[in-house]
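Breakdown of the fold
Listed below, chain by chain, are the residues.
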Amino acid sequence: MSHIKKFAVIGNPIEQSRSPELHQAFAKKENISLTYDKIYAEKSEFKSMVYDFFTHHGVGMNVTVPFKEDAFALCDVLSDRAQAAKAVNTLWSKDGLIYGDNTDGQGLVDAIHALGWPLAHAKILILGAGGATRGVVLPLAQAGATQIVIANRTYARAAQLVCDLKALITPSTILTACPIDQISGQYDLVINATSASLSGDTLTLPKDLQFNYAYEMAYGKASSFLTHAQQRGIAYSDGFGMLVGQAIVSFEIWNGCKPKLTDFLDLK
Ligand code: ATR
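Every chain is numbered on its own, with residues counted from 1 as its sequence reads. It should be noted that, the model being predicted, local features are given only for residues of pLDDT at least 70 and side-chain atom pairs only at 80 or more, the latter also being counted only at that level, while totals for whole chains, interfaces and linings use all residues. Note: side-chain values were computed over all heavy atoms of the structure, leaving out hydrogens and water.

A few points about the site of the ligand
Let me state the cut-off plainly: For this description, a residue counts as near a given molecule or strand if any of its non-hydrogen atoms is within 4 Å of it. Think of a polar contact as two N or O atoms within 3.5 Å of one another; within protein, one of them needs to be a possible hydrogen donor and the other a possible acceptor, and neighboring residues in sequence only count if both atoms come from side chains. Accessible surface is estimated by sampling points in the Shrake-Rupley manner with a 1.4 Å probe; for residues, cover comes only from the protein chains shown. Gly counts as polar in this scheme, as do all residues outside two lists: the nonpolar Ala, Val, Leu, Ile, Met, Phe, Trp, Tyr, Cys and Pro, and the charged Asp, Glu, Lys and Arg.
In the vicinity of the ligand there are 14 residues, among which A129, N152, R153, T154 and R157 approach most closely. In this structure, A129 approaches the ligand through a main-chain N or O atom, which is 2.8 Å from an oxygen atom. Contacts to the ligand include S195, whose backbone N or O atom sits 3.1 Å from an oxygen atom. Contact with the protein chains removes 74% of the 650 Å² of surface that the ligand exposes when unbound. By residue class, the composition of the shell around the ligand is four nonpolar, seven polar and three charged.

What follows is the structure, given as structure tokens:
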């Protein structure tokens, strides 16, 4: 039997995925032999392709858009992070069962730590209340944030998210919702988890909103949020570190060793 471990990422579209390149770079650093393929799936064949992969000795699979919720639904065993996120981006199989985790939030936490920005005792504002936000609140709370405000254009979505997540985080983090046009005050960190920059929209932030660090989850796109931060002299970063970070946490789950995030930021 071959000692080369078999991995893949599944999505639709899939051509743009950087995961094979990242995982090969981690493997090289850690002296591990692996294959890491891109798998394109139609919605109707997602489930059977996952089962097929693990039946044929696949070790681990990443899941990307639009299948993270489908992956969540097919798992036999889910981590706390995956349950909070209601989405899975990392799959593996053990004793005939499929396990699922969500590494996006820890990837964000690790990327922020690598920048040297503080999360312990931090007051954090997250813009947006979609899947991207749902995936990161629990790990940010576990990293020691004392306050997390979720601000959204559609207030009801932020309120619903806070209601869902409150039961899962400890009372040491205060979690609240706010309409995006009513944000004000002072924050340590603002995270843009809206899809505004992906769709080329401009996000207008109130002039009296003050913060020290700006993190944009997207990367490779013009971001009005980052331009705003840059113009005001606020420390800022795009989401490439988070992309590397989530891949490293998946790699660690599957291979038992954790490459150093800062060794791979030049792959951008
Ligand atoms: P994802 O899974 O990437 O989070 P999503 O579930 O479609 O994607 O959520 C997109 C988020 O970006 C939502 O919070 C959306 O706000 P609404 O809930 O009000 O739709 C937010 N968003 C997208 N474009 C925006 C814009 N131009 N201004 C403000 N918020 C925007």
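Structure shown, so let's carry the discussion forward.
What to know about the packing of helix α5 (residues 104-114) against helix α10 (residues 240-255)
Heads up, the condition is: Note on method: axes are straight lines fitted to C-alpha atoms, helices fitted across the in-contact stretch only, with angles between N-to-C directions ranging 0 to 180 degrees. Helix and strand definitions here come from DSSP, where helices need a minimum of 4 consecutive H or I residues and strands a minimum of 2 consecutive E residues; each element is numbered from the N-terminal end. Here the word oblique covers every angle except those under 35 degrees (roughly parallel), over 145 (roughly antiparallel) and from 65 to 115 (roughly perpendicular). A crossing counts as left-handed when the near helix is turned anticlockwise from the far one by less than a right angle, and as right-handed when that turn is clockwise. Note on contacts: a residue pair qualifies if any of its non-hydrogen atoms lie within 4.5 Å across the two residues.
Contact pair α5 / α10: the axes reach a minimum separation of 7 Å and the direction vectors enclose 120°. One finds that α5 runs oblique with respect to α10. By crossing handedness, the relation of α5 to α10 is classed as right-handed. Across the interface between the two elements, D104, Q106, G107, L108, D110 and A111 of α5 pack against G241, M242, G245, Q246 and V249 of α10. Per-class residue counts for the contact of α5 with α10 are four nonpolar, five polar and two charged.

Some words on the layout of surface pockets
The line we're drawing: A pocket, in this scheme, is an open set of points on a 1 Å grid over the protein atoms alone with protein on both sides within 12 Å along at least 5 of 7 lines, while a cavity is a set where a 1.4 Å probe fits but cannot get out; residues line either one if an atom lies within 4 Å of a point. Grid points are joined across faces, edges and corners, and a volume is the space filled by probe spheres set on the points. Note: domain ranges come from an automatic or database domain assignment.
A volume near 160 Å³ is recorded for the second largest pocket. Lining the second largest pocket, in full, are A111, A114, L115, Y215, S237, D238, F240, G241, L261, T262, L265 and K268. Elements with a contribution of two residues or more to the lining of the second largest pocket: α5 and α10. Taken domain by domain, the makeup of the lining of the second largest pocket includes at least three residues from each of domain 1 (5-102 + 242-267) and domain 2 (105-237).

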